[in-house]
Amino acid sequence: MSVQPASPAADLPRGQAGGSPQHLLLTLLGDYWYGQRAPLPSAALVALLGEFAITEVSARAALSRLARRGLLELSRAGRRTSYALSARAAEVLTEGRGHILSFGTAQAAWTGHWTVAAFSVPEDDRSRRHALRTRLGWYGFAPLYDGLWVSPHGRVREVTGVLAELGIDRATVFIAELAEGGPVGGNPVKAWDLDALRSGYERLLSAYGPVRERWRSGQIGTAEALVARTALMDDWRTMPGLDPELPTELLPAQWPRARARELFVELYDGLAGLAEQRVVQVVAEYDPELAALVRSHTSRSRDL
């Protein structure tokens, strides 16, 4: 008997039922195939994406694109096509996993020091301007003004490394404190849109709060657990790119990040066993031996 996909809309708003097929597949592999390099049948991967109402055509297109990007490795044995995580993809998942799962944990008291990067890159050198801004954003910087980026964390080594790598000489890196009596509009925290950040956390709480209540009352089965848990991870993984874990001292009262993390941990960990059962069930239809290798992990297993 074939496995019937679950409805991805189960207690999730339309936009929360999952991201793009490529992102969903990487999320699934990171959550249930972490540390494994064995290839999985393409039919099994297509079936897993089918749990999220991804059509076969879209699923196979996602597999092809991930292979072209060097994140999946294609192999064939007779008529069977399989895909394995590439070494590069495994490295990316390992690096990203620790960052995502530790995001929002309790912080030490803020030192009050800012890392400030001031730079000048010619307008016609667009590729380096884009590369610099992208890399600074990855390290949690944001533009206070054009050419002046700030971070509330100690990031001197990271930013000087990026500047050296890109060959940008017209730049200065400071460790600074905000002087008293300056214009309120110039506070470095203004580099971030706190209203938008708050809305992002509140949307996550609103979307998954009902799922948590249904899980607590034992109303969620394996198929729905897989969909909800994967969508939750796909949403949570975007937050570190928006919020560089701004220190509590800089944030308004009753900031929702801690509540959002609490919900994430409870659901991600709580649904792990049920979701793993569903992945095992789907993969077993195509290869029972590989299904035995499926493993879920929790927020505590960051260094597997």
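Look up: the structure comes first, before these words.
Notes on the structure follow. (Residues numbered from 1 in each chain as written. Predicted model: local features only at pLDDT ≥ 70, side-chain atom pairs only at ≥ 80, totals over all residues. Heavy atoms only, no water.)

## A closer look at helix α11 (residues 272–284)
Stated precisely, the cut-off is as follows: Secondary structure counts use DSSP, requiring at least four H or I residues in a row for a helix and at least two E residues in a row for a strand, with both numbered from the N terminus. A helix is expected to span 1.5 Å multiplied by its residue count minus one. Per-residue accessibility, obtained with a 1.4 Å probe over protein chains only, is compared with the maximum for each type, and a residue is labelled buried under 20%, exposed over 50%, and partly exposed between these values. Each direction from the helix axis to a C-beta atom contributes to the arc, which is the arc of those directions. Here, residues are in contact when the closest pair of their heavy atoms is within 4.5 Å.
Helix length check: α11, at 13 residues, gives a terminal C-alpha distance of 18 Å against a target of 18 Å (1.5 Å per residue), a fit within 8%. Taken residue by residue, α11 has A272, A275, R278, V279, V282 and V283 as its buried positions. Buried residues of α11, seen end-on, are gathered within an arc of 130° and therefore sit on one face of the element. The inward-facing, buried residues of α11 abut α1 (21–32), β1 (40–41), α2 (42–50), α8 (222–236), α10 (257–270) and α12 (288–291).

## Observations regarding the sheet that holds strand β6 (residues 148–151)
Rules: Each pair of strands is called paired provided DSSP finds at least two bridges between the two strands. To get an axis, fit a line to the C-alpha atoms, keeping to the stretch in contact for a helix; angles then go from 0 to 180 degrees between the N-to-C directions.
On the basis of which strands lie adjacent, the open sheet formed by four strands has the order β5-β6-β4-β7 and antiparallel pairing. At either margin of the open sheet sits one strand with a lone partner, and together these are β5 (142–145) and β7 (171–176). For this sheet, the mean inter-axis angle between neighbouring strands, taken without regard to orientation, is 30°. Where helix α6 (residues 156–166) meets the sheet, its contacts fall on β4 (114–119) and β7, and the angle it forms with β7 comes to roughly 175°.

## With respect to the layout of surface pockets
Filter applied, for reference: Buriedness for pockets is judged along seven lines, at least five of which must meet protein on both sides within 12 Å for an open set on the 1 Å grid over protein atoms alone, while cavities are sets there where a 1.4 Å probe fits but cannot get out, and lining residues have an atom within 4 Å of a point. Grid points are joined across faces, edges and corners, and a volume is the space filled by probe spheres set on the points. Gly counts as polar in this scheme, as do all residues outside two lists: the nonpolar Ala, Val, Leu, Ile, Met, Phe, Trp, Tyr, Cys and Pro, and the charged Asp, Glu, Lys and Arg.
The space that makes up the largest pocket amounts to roughly 1000 Å³. In this structure, the largest pocket is lined by 33 residues; those nearest its centre are G96, H99, I100, W138 and R237. Secondary structure elements with two or more residues in the lining of the largest pocket: α1, α4 (87–102), α5 (126–138) and α9 (239–242). Ranked by residues supplied to the lining of the largest pocket, first place goes to α4 with nine residues. For the lining of the largest pocket, the residue count by class is 13 nonpolar, eleven polar and nine charged.

## Observations regarding the packing of aromatic side chains
We count it as follows: When two rings of Phe, Tyr or Trp (its six-membered ring) have centres within 6.5 Å they constitute a pair, described as stacked for plane angles under 30 degrees, edge-to-face for angles over 60, and tilted for the intermediate range. Two thresholds decide whether a charge sits over a ring: the Lys NZ or Arg CZ must be within 6 Å of the ring centre and within 35 degrees of the ring normal.
Counted under the stated rule, the structure contains six aromatic pairs. Centroid distance W110 to W114: 5.4 Å. Interplanar angle 80°. Geometry classified as edge-to-face. Overall, W110 belongs to the partly exposed group, its relative accessible area being 22%. The ring of Y34 has R97 sitting right over it, with the charged end atom 4.9 Å from the ring centre. Residue placement shows R229 over the ring face of Y268; its charged tip is 3.8 Å from the ring centre.

## Considering the nonpolar core
Basically, it comes down to this: Buried residues of nine kinds, namely Ala, Val, Leu, Ile, Met, Phe, Trp, Tyr and Cys, make up a nonpolar core once their side-chain atoms join them within 4.5 Å.
Of all hydrophobic cores here, the largest spans 69 residues; its most connected members are Y208 and W236. Leave out the neighbours within four places in its chain, and W236 touches I100, F103, Y201, L204, A260, R261 and F264. Grouped together as the second largest cluster of nonpolar side chains are twelve residues, A117, F119, L132 and V162 included.

## Concerning the pattern of salt bridges
Here is the rule we go by: For this analysis, a salt bridge means a side-chain nitrogen from Lys or Arg found within 4 Å of a carboxyl oxygen belonging to Asp or Glu.
Evaluation of the coordinates by the stated rule reveals 17 salt bridges. The salt bridge involving R129 is made with E123; its shortest N-O contact spans 3.6 Å. Residue R129 is classed as buried on the basis of its relative accessible area of 13%. Judged by relative accessible area, which is 56%, E123 ranks as exposed.

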